Amino acid sequence: GVDFCLGLSGYLITGILLDARAANPSARDYFVPFYMRRALRILPLAWAAALLTAFVRHEWSGLVYYVLYVVNWLGYSPPPSDLGHYWSLAVEEQFYLVWPAIVYLASKRGLLLATFGLILVDVVCRLGFSMWPPAFATDQFMGLATFARADTLAVGALLAQRERSGGWGREAAWAWPIAIAAAVAIVAIRKLEVAHALPILTYNLKWPVIALGVWAGLLIVLTRPPQALKWFWLRWIGQISYGVYVIHALFGHWLHAHFSSGRVVFVLQLGITIPLAALSWYLFESPILSQKWRWPMPSKRRAD
């Protein structure tokens with residue numbers, strides 16, 4: 001699920017940036033609106049939740065790693081560990097930090113090469129760390145560091161570039177077979193992982209296979225959108241989904257400490273998270289997001 005979200009983010013953000021660049025804006029009109037709008041969307045709730053969690057838990061020593069979005073480069077989850085899920089937000093924030101400049105400065109061909117280059121760097125880093133692991137390379141570091149998860153951001157970016165350079169071609173016909181093959185392959189890889197068999201092979205194969213599956217899955221949705229995506233309740237869940245992401249794990253440790261059944265914990269966590277995420281959306285996030293009009297993002301598509 002996290003990898004699909006990263007792939008979707010790579011697709012949406014790259015599309016926004018490409019549409020903005022096509023309008024030929026100045027650097028200021030390109031970068032300032034993008035970062036202001038991203039800051040309004042991401043920082044207030046994430047920082048508020050982080051500060052509240054640190055205050056309730058009386059754990060401040062590791063807070064800086066979470067609010068600066070570098071926690072995914074650590075080999076452990078510093079206190080307050082209830083914020084451990086911020087690792088995926090850290091990956092996205094690091095992507096936002098460098099990708100807009102690459103899209104703005106690179107030619108069409110250069111951007112394509114940079115996207116494939118990102119995947120290649122990830123492959124080389126994973127191979128190097130797994131073959132010659134340094135002392136700090138814990139399992140958590142190997143699974144959450146940006147080089148372990150950026151492939152899916154890259155395939156999302158590839159889809160955005162493809163869509164804006166002539167639309168979909170023959171690859172759309174292969175989306176379902178590739179998605180099924182990737183699903184079968186990742187199940188097989190996972191079984192080998194559980195059995196602790198061929199760890200270097202499974203580690204280095206897992207992420208490219210997941211990225212391929214994400215690419216195919218997103219392509220299916222983009223070319224043949226399921227009718228279910230029009231359901232009101234599902235769209236509403238999507239609307240409050242950032243709040244769901246930020247809030248859902250904040251009381252997970254407490255629930256697990258008081259209930260032994262994983263199913264009970266899931267039901268309680270869901271029952272608490274959805275109402276809180278809805279309140280966050282209507283009372284906290286929406287008023288802040290209403291200020292986005294002050295920083296309109298240039299867009300060639302909108303102008304056309």
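The residue numbering used here restarts from 1 in each chain and proceeds along that chain's sequence as written. Residue-level local features of this predicted model are given only where pLDDT is at least 70; pairs of side-chain atoms are given and counted only at 80 or more, and the full residue set underlies all totals for whole chains, interfaces and linings. Excluding hydrogens and water, the side-chain figures rest on all heavy atoms present in the structure.

Undergrad: Provide a residue-level description of the pattern of salt bridges, including the pertinent values.
TA: Whenever a carboxyl oxygen of Asp or Glu lies within 4 Å of a side-chain nitrogen of Lys or Arg, that contact is scored as a salt bridge. Inspection of every chain in the model, using the stated rule, returns 10 salt bridges. We note a salt bridge from R149 to D3, for which the minimum N-O separation is 3.2 Å. Here R149, found in helix 7 (residues 146–163), pairs with D3, found in helix 1 (residues 2–22); they are 146 residues apart in sequence, far enough to count as distant. With a relative accessible area of 9%, R149 lands in the buried category. Each residue is placed in one exposure class: buried if its accessible area under a 1.4 Å probe, protein chains only, is under 20% of its type's maximum, exposed if it is over 50%, and partly exposed if it falls in between. Its relative accessible area of 11% is what places D3 among the buried residues. Through salt bridges with shared partners, a single ionic network connects D19, E163 and R164. Helix and strand definitions follow DSSP, with helices as H or I runs of at least four residues and strands as E runs of at least two, each counted in order from the N terminus.

Undergrad: Which residues make up the nonpolar core, and what are the values?
TA: Among the nonpolar cores identified, the biggest contains 38 residues, and L17, I42, Y69, Y86, W99, V103 and Y242 are the most heavily contacted of them. Residue assignment for this core shows that the elements contributing at least two residues are helix 1, helix 2 (27–57), helix 3 (63–67), helix 4 (86–105), helix 7 and helix 11 (241–247). In contact with Y242, other than residues within four places in its own chain, are R41, I42, L45, A46, L89 and E285. In this text, buried Ala, Val, Leu, Ile, Met, Phe, Trp, Tyr and Cys residues form a nonpolar core when linked through side-chain atoms within 4.5 Å. The contact definition used throughout considers only heavy atoms, calling two residues in contact when any of these lie within 4.5 Å.

Undergrad: Go over helix 4 with me, naming the residues and quoting the values.
TA: Any helix carries an expected span of 1.5 Å times its number of residues minus one. With 20 residues, helix 4 should reach 28 Å at 1.5 Å per residue; the first-to-last C-alpha distance of 30 Å fits that figure. Note on bend: at a given residue it equals the angle between the axes fitted to the 7 residues ending there and to the 7 starting there. Most pronounced at V98, the bend in helix 4 amounts to some 30°, and the proline P100 follows within four residues. Helix 4 sits mainly inside the fold: 14 of its 20 residues count as buried.

Undergrad: Please provide a residue-by-residue account of a nonpolar patch on the surface, values included.
TA: Patches in this entry comprise residues that are over 30% relatively accessible and not in a salt bridge; like charges within 9 Å are linked, as are nonpolar side chains (Val, Leu, Ile, Met, Phe, Trp, Tyr) within 5 Å. Working definition of accessibility: Shrake-Rupley area with a 1.4 Å probe, residue cover restricted to the visible protein chains. Together, W254, F259, V264, L268, I272, L276, L279, Y282, L283 and F284 make up a nonpolar patch on the protein surface, roughly 910 Å² of accessible area in all. Examining the composition of the nonpolar patch, we find that 8 residues originate from one element, helix 13 (residues 262–289), more than from any other. Examined against the element boundaries, L268 turns out to sit in helix 13. You can call L268 partly exposed: its relative accessible area is 31%.

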